[in-house]
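Overview (structure and organization)
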Amino acid sequence: MKVSIFSTCVVDLMTPNVGIAMVQVLERLGCEIDFPASQVCCGQPTYNSGYLEDSKLAMKNMMRAFEHSDYVVGPSGSCIAMFHEYPKIFKGDPQWELKAVALKEKAYEFTQFIVRVLGITDVGASLEGTATYHRSCHMTRLLGERETPFQLLEQVQGLQMEPLKNSDNCCGFGGTFSVKMPDISEQMVNEKCGCVTETGADILISADMGCLLNIGGRLSRKGEPVKIMHIAEVLNHHNPAAKKEEAGHEPANG
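About the criteria used
Residues numbered from 1 in each chain as written. Predicted model: local features only at pLDDT ≥ 70, side-chain atom pairs only at ≥ 80, totals over all residues. Heavy atoms only, no water. Pairing = 2+ DSSP bridges. Helix = DSSP H or I, 4+ residues; strand = E, 2+ residues; numbered from the N terminus. Axes fitted to C-alpha atoms, helices over the stretch in contact; angles between N-to-C directions. Contact = heavy atoms within 4.5 Å. Patch = residues over 30% accessible without salt bridge, like charges linked within 9 Å, V, L, I, M, F, W, Y side chains within 5 Å. Areas by Shrake-Rupley, 256 points an atom, 1.4 Å probe, with all protein chains shown as cover. Salt bridge = Lys/Arg side-chain N within 4 Å of Asp/Glu carboxyl O. UniProt positions renumbered as here; feature names shortened; annotations may be inferred. Buried < 20%, exposed > 50% of the residue type's maximum accessible area, 1.4 Å probe, protein only. Parallel < 35°, antiparallel > 145°, perpendicular 65-115°, else oblique. Nonpolar A, V, L, I, M, F, W, Y, C, P; charged D, E, K, R; others polar. Polar contact = N/O pair within 3.5 Å; in protein donor to acceptor, adjacent residues only side chain to side chain.

1. Comments concerning the sheet that holds strand E5 (residues 126–133)
The strand order across the open sheet formed by 4 strands is E6-E5-E7-E8, and the pairing between neighbours is parallel. Each edge of the open sheet is held by one strand with a lone partner, namely strand E6 (157–162) and strand E8 (227–230). Across the sheet, the axes of successive neighbouring strands diverge by a mean angle of 35°, strand direction being ignored. This element, helix H13 (residues 209–221), spans strand E7 (203–206) and E8 of the sheet and lies at about 175° to E8.

And the structure:
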């Protein structure tokens, strides 16, 4: 299985450890990884700000970058959902519409790829602790993926998951929203932080680093000792006691 990694801006520039974890998990699952160096931003920030024509330059670059890839996998439901918007944006364009459709059809969010393409729900991860999961708006509403993160987390040995109240509510980040509407954004993230601390969890997990940086930053300012982890880091984690068995462990098919 040949997989091209779409790193996303936030992971590439701010949390490269998440990208490393994603690659390591996929390699253990038998994927052959490459990284097209010409990739840049997917165009979402400028597109959402209303700069459609300017955003198309970045979008066309991404279609060229992944044109020869079998699968494209990214650590963000938000950015992959942007790829899924390309066919609408380039509809009727004789040069780019088919390329936009091709990219959409082979682009998957990390957990989505593992479960829906590889057919795996147990990657052999283990992590002791109590955690709760934040659903990102774009992954849930735009990409339409509600199940795969939970299917994978259920199989993490030693991890106790606690439900998050109002889990579908936005954390207040929303990319440019948090910049344009900081007062409203602050109230939203305060509400989200309250729901997180109510669970008693010591770990907050999500599949989008934008959300995690926003919530984690606010939790830190409030002095709440909750650790944030991208789901790729969770799925790449092994407790010391489990490492002895790792060499002979085969992930179970879901």
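2. Remarks on a nonpolar patch on the surface
Nonpolar side chains collect at one region of the surface, where Leu 13, Met 14 and Leu 213 lie side by side and expose about 330 Å² of accessible area between them. Here Met 14 shows up in the loop between helix H1 (9–13) and helix H2 (16–28).

3. Some points on the sheet that holds strand E1 (residues 2–5)
Strand-to-strand pairing in sheets goes through backbone hydrogen bonds, with the strands running parallel or antiparallel. Taken in spatial order, the 4 strands line up as E2-E1-E3-E4 in an open sheet, and their pairing is parallel. With partners counted over all chains shown, the strands left at the sheet margins are strand E2 (32–34) and strand E4 (107–109), one partner each. Strand-to-strand twist in this sheet, taken as the mean axis angle between neighbours without regard to direction, amounts to 35°. Pairing geometry for E1 and strand E3 (residues 71–74), over 3 bridges, is parallel.

4. Points about the UniProt feature "domain: Cysteine-rich" (unreviewed entry) in the chain
According to UniProt, the "domain: Cysteine-rich" (unreviewed entry) feature falls on residues 3–83 and 132–215. Between the C-alpha atoms that bound residues 3–83 there is a distance of 16 Å. The span itself is 54% helix and 12% strand.

5. A word on the pattern of salt bridges
When their charged atoms lie close together, side chains carrying opposite charge are able to pair. Applying the stated rule across the entire model yields 9 salt bridges. Lys 88 is paired through a salt bridge with Glu 85; the nearest N and O atoms lie 3.7 Å apart. With relative accessibility at 61%, the residue Lys 88 sits in the exposed group. The residue Glu 145 makes a salt bridge to Arg 116 at a minimum N-O spacing of 2.7 Å. Taken as a pair, Glu 145 in the loop between helix H9 (137–142) and helix H10 (148–153) and Arg 116 in helix H8 (residues 110–117) lie far apart in primary sequence, 29 residues in all. According to the relative accessible area criterion, Glu 145 is buried, its value standing at 3%. Residue classification places Arg 116 among the partly exposed residues on the basis of a relative accessible area of 46%.

6. Comments concerning unusual backbone geometry
Excluding glycine, most residues fall at negative phi; most peptide bonds, likewise, are trans. A positive phi angle, close to 70°, is found at Thr 8, a residue other than glycine. Relative to the elements of secondary structure, Thr 8 occurs in the loop between E1 and H1. Phi is positive for Asn 166, close to 55°, though the residue is something other than glycine. Here Asn 166 shows up in the loop between E6 and helix H11 (176–180).

7. Overview of the packing of helix H12 (residues 182–198) against H13
The geometry of a pair of packed helices is captured by two quantities: the angle between their axes and the separation between those axes. Contact geometry of H12 with H13 gives a least axis separation of 9 Å together with a crossing angle of 75°. Judged on the interaxial angle alone, H13 and H12 are roughly perpendicular. Of H13, the residues touching H12 (which contributes Glu 186, Val 189, Asn 190, Lys 192, Cys 193, Val 196 and Thr 197) are Asn 214, Ile 215, Arg 218 and Leu 219. Here the residues of the contact of H12 with H13 sort into 5 nonpolar, 3 polar and 3 charged.

8. A short note on the pairing of E5
With respect to burial, E5 is a largely interior element, 7 of its 8 residues being buried. Judged from the 5 bridges that link them, E5 and E6 form a sheet pairing that is parallel. Of the residues in E6, the one forming a bridge with Ser 126 is Gln 157. By the bridge criterion, 3 bridges tie E5 to E7 in an arrangement that is parallel.

9. Structural notes on the side chain of Ser 69
Mapping Ser 69 onto the fold places it in the loop between helix H4 (52–65) and E3. What makes Ser 69 buried here is its relative accessible area of 11%. There is a polar contact of 2.6 Å between the side chain of Ser 69 and the side chain of Ser 4. With near-sequence residues (within four places) excluded, Ser 69 lies in contact with Ser 4, Pro 36 and Lys 106.

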